[in-house]
Amino acid sequence: MASCWWRWRRGCSWRPAARSPGPGSPGRAGLSGLRAAAAAAARAQMSYFNLVKSLTSAFPNMYSISRFHHMTPAVCCCSKTRSGEEYTDPFNLGWRDLKGLYEDIRKELFISTTELKEMCEYYFDGKGKAFRPIIVVLMARACNIHHNNSRNVQASQRAIALIAEMIHTASLVHDDVIDDASSRRGKHTVNKIWGEKKAVLAGDLILSAASIALARIGNTTVVSILTQVIEDLVRGEFLQLGSKENENERFAHYLEKTFKKTASLIANSCKAVSVLGCPDPVVHEIAYQYGKNVGLAFQLIDDVLDFTSCSDRMGKPTSADLKLGLATGPVLFACQQFPEMNAMIMRRFSSPGDVDRARQYVLQSDGVQQTTYLAQRYCREAVREISKLRPSPEREALIQLSEIVLARDK
Amino acid sequence: MSLRQLLLRLPCYLGASGPRRGPLDTIASVVSWRGQSSRSPAHWNQVVSEAEKIVGYPTSFMSLRCLLSDELSNIAMQVRKLVGTQHPLLTTARGLVHDSQNNLQLRGLVVLLISKAAGPSSVNASCQSYDMVSGIYSCQRSLAEITELIHTALLVHRGIVNLDELQSSDGPLKDMQFGNKIAILSGDFLLANACNGLALLQNTKVVELLASALMDLVQGVYHENSNSAKENHITDDIGILTWKEQTFLSHGALLAKSCQAAMELAKHDAEVQDMAFQYGKHMAMSHKINSDLQPFIKEKTSDSLTFNLNSAPVVLHQEFLGRDLWIKQIREAQRKGRLDYAKVWVSLNGVQRLRDTQKPASLPLSCDRRSLIIHSPFPTEPQNPPQHSSPGSHYYCVRASKQVEVHLPCLFN
């Protein structure tokens, strides 16, 4: 009875009365945590809703945002049920230009050895979300329309979509070795199947194939833009190795890492297609800022999902960041409420029980809600940027995409 | 020593060098194109310092910018934590530091030498000549550095260990995990620097060339890894043609394509680019063949494991003997106890000694003749006849085959 009461109380009150995790209740942490998160998200929803209302009064044509947020809670919804109209679904719209995406990527991997080819193609199985390629082609069309009302995606712009997905995959393969991860997208990782030695080579090979494809576009500006991504990815990984003592520095450090590891790829590939489609530097900056903000929001939500989602949905184990010793957004926010987490952050959750305890702290704090709110702010900024382009179905799709980023549950 | 002479002679020194402990040894020995010319290390050092004088200043191994960066000091700090573990990254790192005085950047040096040998393009003489120091464009210097970065990155990446194959003698799993992590990161860091340098060259053809060299290199390393993983098994049934293909990927492609890219940067035409490609390719190949040869021509080999059953002489031998006979002989040797490669080789060659002494040596000969031929079109410094009776690379081959003849009997007796 007592435990029932405990669960009820924690599930209902969005900010728990108890300041520390209940002793002896770790088994229920998952369930009550989810409820707390849902409640937190609901509140985040409300505050964001107010913001959106003020935003929509400034931009009357952005009705879709507020409507969307009326219909769907921020965390616990499935994006597929959301949109009935085919032409406004960003994924349907983007996919028109991406038919044969994975076949084309596999064609770029001209490798004679069967096993090596198999490893490199492993993640290009068509089961990924292709989130990056979708953004890239939508941005390409939005920029082309803005520039000269052209309704086509250039071959070089489509190539950027492929390259973005390849660079992303190459970094995944290496990250999984670095983190010693064993599952991703619901299947075993390359390193678990073929071993670390070969996995690293597979990552290098995908990167080299991406570089070849990039060079073949024949535009030195575009080469420089996407090279920046590769550098950022590595620097981001280095930032992840270190941690900062000071709380403010810690947050800046986290955001910088998030930009480099996730947002830079999206931002710079958006910029690359804008450069190919339109000579105006103002447009390049819009594309870059949109990509950067959506990318940051994307990763923040990813970090939230690491606490709120279950591993079946994500296709990878949850609480993974804590297990790796990483303090992401929700943890850093929670730490403001529970200063006792500081010590855990500094020792990178290495003592026995740290991961569970930190998880409970996070779920009891408003860390999840605050992180979600931050993600919403980035999305709002992304929408503000992209709205500077001329209206087009693709521009609307990009706006919707930023909402999907917030609403995704896997 | 004139530039032309140096270029002609370089394959000789490179070819005659080779790791002291044999081709299959630790990364450290792969790192080093140590200059153990048959005469003396002092002589080798002299040649290199001549070369460095000719190109103006030594190639800066990973530019200062790179050395001063946060990431590299971070790596250095992390690598220090690995001290005392068995992770191969340590050996690699030690090789990098230890050999830095011993001409680590030879690939870069070759790129610089060939850049200088080719000089500015006659077609496009007007462009960027202000940018030249000691007859080499600054972009060619960057290219030399990029070549080194790519080579080193792969060297670091090839030292990753498979965690589920660890023995208890390898020490704690945690150390190895950490070592892998740092090895991947530092390799990626070097690659990112290479990409960055490539982008700055503002020439997409060069980017494509070097990216494809990286692709070749990765595939080559993959073959090498899968060959060495099966060290205790029977060799693959590969003929010398396959061996050449694989060795081109793992050893030739980077130097070949870098040399070609250096010509592209100076706006030389396709013909000159192809010559430079061939020069780089054949030089790297003959170096590899020579290091494969070392275990068989050295009087004493301390470590029998250094025999690679997929090295050039063995592949040739197998091709000559026929697959069935070869397998039979190996099985026989295995039945007698632990497979001692030195002994296998002795017993196999007891029969075939004479022919085999000729065969490995004839291969570099054909390679080097080609790299020799391609020199002539370069408009270079006064064409003094080489000091040796035969041109440098040719000389090497003659000498190498003599070495084989001299040393093989000692080995087998």
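Conventions and cut-offs
- Per chain, the residues get numbers from 1 upward, laid out in the order the sequence is written.
- Chain letters start at A and ligand numbers start at 1, both assigned in the order the entries are written.
- Selection of residues for local features in this predicted model requires a pLDDT of at least 70, selection of side-chain atom pairs for listing and counting requires 80 or more, and totals for whole chains, interfaces and linings are taken over all residues.
- Calculation of side-chain values draws on the structure's entire complement of heavy atoms; hydrogens and water are dropped beforehand.
- Helix and strand assignments come from DSSP, with helices taken as H or I runs of at least 4 residues and strands as E runs of at least 2, each series counted from the N terminus.
- For every residue, the accessible area (1.4 Å probe, protein chains only) is compared with the maximum for its type, and the residue is labelled buried under 20%, exposed over 50%, or partly exposed between those bounds.
- Throughout, a residue-residue contact means that at least one pair of heavy atoms, one from each residue, lies within 4.5 Å.
- We get accessible surface area from the Shrake-Rupley algorithm with a probe of 1.4 Å; when it comes to residues, only the shown protein chains can shield them.
- Summed over both partners, the accessible area (1.4 Å probe) lost when two parts come together is defined as the buried area.
- Salt bridges are defined by distance alone: a side-chain nitrogen of Lys or Arg within 4 Å of a carboxyl oxygen of Asp or Glu.
- Here an axis means a line fitted to C-alpha atoms, over the contact stretch when the element is a helix, while the angle between two N-to-C directions is reported on a 0 to 180 degree scale.
- Note on convention: near helix rotated counterclockwise from far helix by under a right angle means a left-handed crossing. Clockwise means right-handed.
- The criterion for a disulfide is a pair of cysteine sulfur atoms lying within 2.5 Å.
- Two kinds of site are reported from a 1 Å grid over the protein atoms alone, namely cavities, where a 1.4 Å probe fits but cannot get out, and pockets, open sets with protein on both sides within 12 Å along at least five of seven lines, and residues are called lining when an atom falls within 4 Å of a point.
- Grid points are joined across faces, edges and corners, and a volume is the space filled by probe spheres set on the points.
- Note on residue categories: nonpolar means Ala, Val, Leu, Ile, Met, Phe, Trp, Tyr, Cys or Pro, charged means Asp, Glu, Lys or Arg, and polar means any other residue, Gly included.
- The quantity called pLDDT is the predictor's confidence in a given residue, expressed from 0 to 100.
- Among buried residues, the Ala, Val, Leu, Ile, Met, Phe, Trp, Tyr and Cys ones that are joined through side-chain atoms within 4.5 Å form a nonpolar core.
- A pair of aromatic rings is counted whenever rings of Phe, Tyr or Trp (Trp by its six-membered ring) have centres within 6.5 Å, and the orientation is called stacked for planes under 30 degrees apart, edge-to-face for over 60 and tilted otherwise.
- Two thresholds decide whether a charge sits over a ring: the Lys NZ or Arg CZ must be within 6 Å of the ring centre and within 35 degrees of the ring normal.
- By definition here, a helix of n residues has an expected span of 1.5 Å times n minus one.
- Think of a polar contact as two N or O atoms within 3.5 Å of one another; within protein, one of them needs to be a possible hydrogen donor and the other a possible acceptor, and neighboring residues in sequence only count if both atoms come from side chains.

A. How the structure looks around the overall build of chain A. Secondary structure assignment for chain A yields 20 helices and two strands. In chain A, which comprises 410 residues, the proportion classed as buried is 62%. For chain A, long-range pairs separated by at least 24 residues make up 74% of all intrachain contacts whose partners lie at least 6 apart in sequence. Accessible surface computed for chain A: about 15,700 Å², of which carbon and sulfur atoms make up 53%.

B. Representation of the interface of chain A and chain B within the structure. Residue-level contacts link 39 residues of chain A with 39 residues of chain B. Roughly 3,700 Å² is buried in total at the junction of chain A and chain B, and carbon and sulfur atoms are behind 69% of that figure. Per-residue buried area on chain A facing chain B is highest for Lys 197, Leu 201 and Phe 238 of chain A; these three make up 18% of the total on that side. Counting the contacts that link chain A with chain B gives one salt bridge.

C. Focus on the packing of helix 12 (residues 247-277) of chain A against helix 13 (residues 281-308) of chain A. Direction vectors running N to C along helix 12 of chain A and helix 13 of chain A enclose 145 degrees, while the axes themselves pass 7 Å from each other. The way helix 12 of chain A lies across helix 13 of chain A gives a crossing that is right-handed.

D. Looking closely at the state of the cysteines. Residues and elements named next belong to chain A. In the structure shown here, the tally under the stated rule is zero disulfides over all chains. Cys 143 carries a free sulfur, and the closest cysteine sulfur to it, the one in Cys 278, is 6.4 Å from it. With relative accessibility at 0%, the residue Cys 143 sits in the buried group.

E. Fine view of empty space enclosed by the protein. Under the defined criterion, the tally for this structure stands at 12 cavities of 30 Å³ or more. Approximately 240 Å³ is the volume found for the largest cavity. Around the largest cavity sit 17 residues that line it, and Ser 171, His 174, Leu 233 and Val 234 of chain A together with Asp 188 of chain B are the ones nearest its centre. Looking at the lining of the largest cavity, the elements that each hand over two or more residues are helix 8 (155-179), helix 10 (196-217) and helix 11 (220-241) of chain A together with helix 9 (173-200) of chain B. Element by element, the count of residues in the lining of the largest cavity is highest for helix 8 of chain A, at six residues. In the lining of the largest cavity, the residues fall into nine nonpolar, three polar and five charged.

F. Just the confidence of the model for chain A, in detail. Per-residue confidence for chain A gives a mean pLDDT of 79, with 76% of residues at or over 70. Note that pLDDT drops below 50 for residues 1-86 of chain A; the model gives that stretch 106 contacts with residues more than four away or on any other chain.

G. Representation of the nonpolar core. Counting residues in each nonpolar core, the largest one holds 177 residues, and the members touching the most others are Met 341 of chain A together with Leu 210 of chain B. Grouped together as the second largest cluster of nonpolar side chains are seven residues, Ile 238, Ile 289, Ala 312 and Val 315 of chain B included.

H. Expanded view of the packing of helix 7 (residues 131-148) of chain A against helix 12 of chain A. Residue and element names in this part refer to chain A. Orientation of helix 7 relative to helix 12, taken along the N-to-C sense of each, is 30 degrees, at an axis distance of 8 Å. As helix 7 packs across helix 12, the resulting crossing turns out to be right-handed. Along the contact surface, helix 7 presents Phe 131, Arg 132, Ile 135, Val 136, Met 139, Ala 140, Cys 143, Asn 144 and His 147, while helix 12 presents Thr 262, Leu 265, Ile 266, Ser 269, Cys 270, Val 273, Ser 274 and Gly 277. Grouping the amino acids of the contact of helix 7 with helix 12 by side-chain chemistry returns 10 nonpolar, six polar and one charged.

I. Molecular detail of unusual backbone geometry. Residues and elements named next belong to chain B. Even without glycine at this site, Gln 202 takes up a positive phi of about 60 degrees. By the element assignment, Gln 202 lies in the loop between helix 9 and helix 10 (204-229). The phi angle at Lys 267 is positive, at roughly 65 degrees, despite the residue not being glycine. Relative to the helices and strands, Lys 267 is located in the loop between helix 11 (240-265) and helix 12 (270-297). Judged by its relative accessible area of 38%, Lys 267 is partly exposed.

J. Local environment of the environment of His 317 of chain B. Residues and elements named next belong to chain B. Within the element layout of this structure, His 317 appears in helix 13 (residues 312-321). Given the relative accessible area of 0%, His 317 is considered buried. In this structure the C-alpha to C-alpha distance between His 317 and Gly 239, which are 78 residues apart in sequence, comes to 9.9 Å.

K. Geometry of the packing of aromatic side chains. All names here are of chain A. In total, this model carries eight aromatic pairs over all chains according to the counting rule given. One aromatic cluster is present, built from ring pairs that chain together Tyr 122, Tyr 123 and Trp 194. Over the ring of Tyr 288 we find Lys 271; its NZ or CZ atom is 5.7 Å from the centre of that ring. The cationic tip of Arg 408 hangs over the ring face of Phe 298; the distance from NZ or CZ to the ring centre is 4.0 Å.

L. How the structure looks around the confidence of the model for chain B. Residue and element names in this part refer to chain B. Here chain B shows a mean pLDDT of 65. Residues at 70 or above account for 47%. With pLDDT under 50 throughout, residues 14-39 is counted as low confidence; its partners more than four residues away or in other chains account for 80 contacts. Low pLDDT (under 50) marks residues 59-65, which in the prediction has 20 contacts with non-local residues, meaning those over four places away or in another chain.

M. Highlighting the side chain of Ser 264 of chain A. Residues and elements named next belong to chain A. The residue Ser 264 is located in helix 12 in this model. The exposure class of Ser 264 is buried, given its relative accessible area of 0%. Discounting chain neighbours no more than four positions away, the residues touching Ser 264 are Gln 228, Val 229, Asp 232, Phe 259 and Ser 269.

N. Focus on helix 13 of chain A. Residues and elements named next belong to chain A. Taking 1.5 Å as the rise per residue, helix 13 with 28 residues should run 40 Å; its terminal C-alpha atoms sit 40 Å apart, in good agreement. Burial within helix 13 is extensive, with 24 of its 28 residues counted as buried. The backbone nitrogen of Val 282 has a side-chain oxygen 2.9 Å away, supplied by the residue at the start of helix 13, namely Asp 280.

O. How the structure looks around the pattern of salt bridges. All names here are of chain A. A complete count under the given rule lists 24 salt bridges over all chains for this structure. For the salt bridge of Glu 115 with Lys 198, the shortest nitrogen-to-oxygen distance reads 3.1 Å. Placement of the pair is Glu 115 in helix 6 (residues 114-121) and Lys 198 in helix 10, with a sequence separation of 83 residues. The class of Lys 198 is partly exposed, set by a relative accessible area of 23%. Note that Lys 388 is salt-bridged to Glu 385, the shortest N-O span being 3.1 Å. Relative accessible area serves as the criterion here: at 7%, Glu 385 is assigned to the buried category. Each of Glu 381, Arg 384, Glu 385 and Lys 388 takes part in a single network of salt bridges with overlapping partners.

P. Focus on helix 16 (residues 329-337) of chain A. The element helix 16 of chain A is largely enclosed, with a buried count of eight among its nine residues. Listing the buried residues of helix 16 of chain A in full gives Gly 329, Pro 330, Val 331, Leu 332, Phe 333, Ala 334, Cys 335 and Gln 337 of chain A.

Q. Spatial organisation of the environment of Ala 270 of chain B. Following the sequence through the fold, Ala 270 of chain B ends up in helix 12. Through-space distance from the C-alpha of Ala 270 of chain B to that of Gln 260 of chain B is 9.0 Å; in sequence the pair is 10 residues apart.

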